[in-house]
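So the chains spell out like this:
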Amino acid sequence: MSDITLKPGVVTGEGYNTLVNAAKAGGYALPAVNVTGTNTINAVMEAAANANSDIIIQLSNSGAQFYAGRGIEDAFKAKVMGAVAAAQHAHLLAEYYGICVVMHTDHANKALIPWIEAMLVEGEKYYEQYGKPLYSSHMLDLSADPIDFNLSECARILERMAKLDMSLEIELGVTGGEEDGIGSDFDEGADNSKLYTQPADVLQAYNLLNPIGHFSVAASFGNVHGVYKPGNVKLRPEILKNSQTLVQQTHGTGDNPLHLVFHGGSGSEKAKITEAVSYGVFKMNIDTDTQFAFSEPVGQFVNENPKAFLYQVDPEDGTPYKKFYDPRKYLRLGEEGIIARLQEACDDLGSKGRSIARS
Ligand SMILES: [Zn+2]
């Protein structure tokens, strides 16, 4: 049991580094769950509290837009301000759940570099006012572009983020499947070398970025976004180990010098997850599974109470249906679905009971 502790709430800067190191040293990883509004953020924090696990909350660009509301006509502004609103929500409330929360934004490809830069403008304002960053980390995913462009842009953005005590997640190699319209064609069953991150590329990233600031690497080892039919995902976690070994031997570091991230984890075998975590994975993204976990109990409730979604009062016997169609009734069922699903995720990742938050 580690005696390293942090105050409950959103962790950034040194606190974030401490949390990442505690997970790697403790042999567990944190679930990183995509959220789209207060219901999903609160459910994720409640799930973490129930599991006594620390947690990573992340928003995609369209998740952030949805958070701000579809009614805002300027979609770009909504993507920025929705992200700000979500982070402020977590800064206000996370401490009351008694666990540590990392606030992060998910995939941003080349077209979304302006989104990252606009969030950093907001982050700089927040830092000036509160002396800490708004977000713990952002992801810049230029894995679809040539590696030299990918890394030089990551270096440029990380220079700016390091001044705010923030961390950058980069991607090397291409995660298969589609995530929020960003991703690549999944070449089913192909032995595609692009699906497997090359250790030499990881070393090049380390050489350039490590002197600038804190960063993590989403590496591809056969993982895919979304859930496909069983057998399509052929995970090869040893690819992660090869990258760690190359950096370790080149730079004479300790074990697992890289902070690794596992994308496309929905539906993975537990043994492969455990193996990946042993090679320095501290974060596993979970999106698709929690979407279904929210919607499934809502669908069941509607199926069981169809009249309550057609009439306020039963036209035949006059039964009032208010307590069924009150949105809190079924939104809570969706929240409970997420909470139950994330208990399994915390179990799989070994983070259950491992929160380092102490009041
Ligand atoms: Zn991803």
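Engineer: Explain the overall build of the protein here, please?
Structural biologist: Within the protein one finds 12 helices and 11 strands. Looking at the 359 residues of the protein, the share that counts as buried comes to 53%. In the protein, once contacts between residues fewer than 6 apart in sequence are set aside, the share between residues at least 24 apart is 73%. As displayed, the protein has an accessible area near 15,700 Å², and 51% of this comes from carbon and sulfur atoms. For the protein, the separation between the mean place of its 29 positive charges and that of its 45 negative charges on side chains is 3 Å.

Engineer: Is there a simple way to think about unusual backbone geometry in this case?
Structural biologist: Trans peptide bonds make up most of the peptide bonds, and negative phi angles are found at most residues other than glycine. At Asn52, a residue that is not glycine, the phi angle is positive and equals roughly 50°. Secondary-structure assignment places Asn52 in the loop between α2 (38-51) and β3 (55-59). The exposure class assigned to Asn52 is partly exposed, which follows from its relative accessible area of 36%. With phi around 60°, Asp165 is a residue other than glycine that occupies positive phi space.

Engineer: Whenever I open this one, the environment of Arg328 confuses me. Can you help?
Structural biologist: Take Arg328: it is sitting in helix α12 (residues 327-349). When the C-alpha atoms of Arg328 and Leu120 are compared, they prove to be 35 Å apart, with 208 residues separating the residues in sequence.

Engineer: Just checking my understanding: could you explain a nonpolar patch on the surface for this structure?
Structural biologist: Side chains of Leu92, Leu93 and Tyr96 sit close together on the surface and give an oily, nonpolar patch of about 350 Å² of accessible area. Considering the arrangement of structural elements, one finds Leu93 in helix α4 (residues 75-93). With relative accessibility at 32%, the residue Leu93 sits in the partly exposed group.

Engineer: Looking at this structure, I do not really get α12. What am I missing?
Structural biologist: It helps to recall that an α-helix has 3.6 residues per turn; residues three or four apart then point in one direction. Over its 23 residues, α12 extends 33 Å from the first C-alpha to the last, a length consistent with the 33 Å expected when each residue adds 1.5 Å. Within the sequence span of α12, burial applies to Gly334, Glu335, Gly337, Ile338, Ile339, Arg341, Leu342, Gln343, Ala345, Cys346 and Leu349. Buried-residue contacts for α12 involve β2 (30-34), α2, α9 (270-278), β11 (281-286) and α10 (288-304). Looking at the residues trailing α12, positive phi occurs at Gly350, about 75°.

Engineer: Got a minute to help me understand the pattern of salt bridges in this structure?
Structural biologist: Oppositely charged side chains may form a pair once their charged atoms are brought near each other. A complete count under the given rule lists 13 salt bridges for this structure. Between Glu122 and Lys125 there is a salt bridge, with the nearest N and O atoms lying 3.1 Å from each other. Taken together, the residues span about one helical turn, with Glu122 and Lys125 both in helix α5 (residues 113-130) at a distance of 3 residues. Residues Arg160 and Glu124 are paired through a salt bridge, measuring 2.8 Å at the closest nitrogen-oxygen approach.

Engineer: Help me out: how do you make sense of the packing of aromatic side chains in this one?
Structural biologist: The relative placement of two aromatic rings is captured by the distance of their centres and the angle of their planes. As enumerated under the stated definition, the model contains 7 aromatic pairs in all. Seen from their ring centres, Tyr126 and Tyr130 are 4.5 Å apart, and the 40° between their planes marks the pair as tilted. Residue Tyr126 and its partner Tyr130 are located together in helix α5, separated by 4 residues, close to a single helical turn. For the ring pair Phe301 and Phe324, a centre distance of 6.2 Å and an interplane angle of 25° mean the geometry is stacked. Of this pair, Phe301 sits in helix α10 while Phe324 sits in helix α11 (residues 322-325); the two residues are 23 residues apart in sequence, bridging distant segments of the chain. Aromatic rings pair up to connect Phe301, Phe309, Tyr321, Phe324 and Tyr330 into one cluster. Seen from the ring of Phe149, Lys110 lies directly overhead, with NZ or CZ sitting 4.9 Å from the centre.

Engineer: Looking at this structure, how should I read the environment of Ser220?
Structural biologist: Position of Ser220 relative to the elements: it lies in the loop between β9 (215-219) and α8 (238-251). Sequence spacing of Ser220 and Gly264 is 44 residues, and the spatial spacing of their C-alpha atoms is 9.3 Å.

Engineer: Would you mind going over the environment of His251 with me for this structure?
Structural biologist: When you line up the elements, His251 lands in helix α8. A residue is classified by how much of its surface remains accessible, and His251, at 38% relative accessible area, is partly exposed. For the pair His251 and Leu151, spaced 100 residues apart in sequence, the C-alpha to C-alpha distance is 19 Å. Those residues in contact with His251 that lie beyond four places of it in its chain are Leu203, Tyr206 and Asn207.

Scoring rules and cut-offs
- All residue numbers refer to position in the chain's written sequence, counted from 1.
- Only residues with pLDDT of at least 70 get local features here, since the model is predicted, and only at 80 or more are side-chain atom pairs given and counted; chain-wide, interface and lining totals rely on the full set of residues.
- Water and hydrogen atoms were dropped before computing side-chain values, which therefore reflect all heavy atoms in the structure.
- Secondary structure elements follow DSSP: runs of H or I of four or more residues count as helices, runs of E of two or more count as strands, with numbering from the N terminus.
- Any residue under 20% of the maximum accessible area for its type is buried, any over 50% is exposed, and the rest in between are partly exposed; the area is computed with a 1.4 Å probe on protein chains only.
- Contacts are assigned to residue pairs with any non-hydrogen atoms lying within 4.5 Å of each other.
- Residue-level accessible areas treat just the shown protein chains as cover; the underlying method is Shrake-Rupley with a 1.4 Å probe.
- We treat Lys and Arg as the positive residues and Asp and Glu as the negative residues; His and chain ends play no part in the count.
- Lys charges are placed at NZ, Arg charges at CZ, Asp charges at CG and Glu charges at CD.
- The patches reported here contain residues having more than 30% relative accessible area and no salt bridge. Joining distances are 9 Å for like charges and 5 Å for nonpolar side chains (Val, Leu, Ile, Met, Phe, Trp, Tyr).
- A carboxyl oxygen of Asp or Glu within 4 Å of a side-chain nitrogen of Lys or Arg is what we treat as a salt bridge.
- Helix span is expected to be 1.5 Å times the residue number reduced by one.
- Two aromatic rings, drawn from Phe, Tyr or Trp (for Trp, its six-membered ring), form a pair once their centres lie within 6.5 Å of each other, and the interplanar angle then sorts them: stacked below 30 degrees, edge-to-face above 60, tilted otherwise.
- Definition used: whenever NZ (Lys) or CZ (Arg) falls within 6 Å of the ring centre and also within 35 degrees of the ring normal, the charge is taken to sit over that ring.

In short, the description is geometric, and any link to function would need to be established separately.
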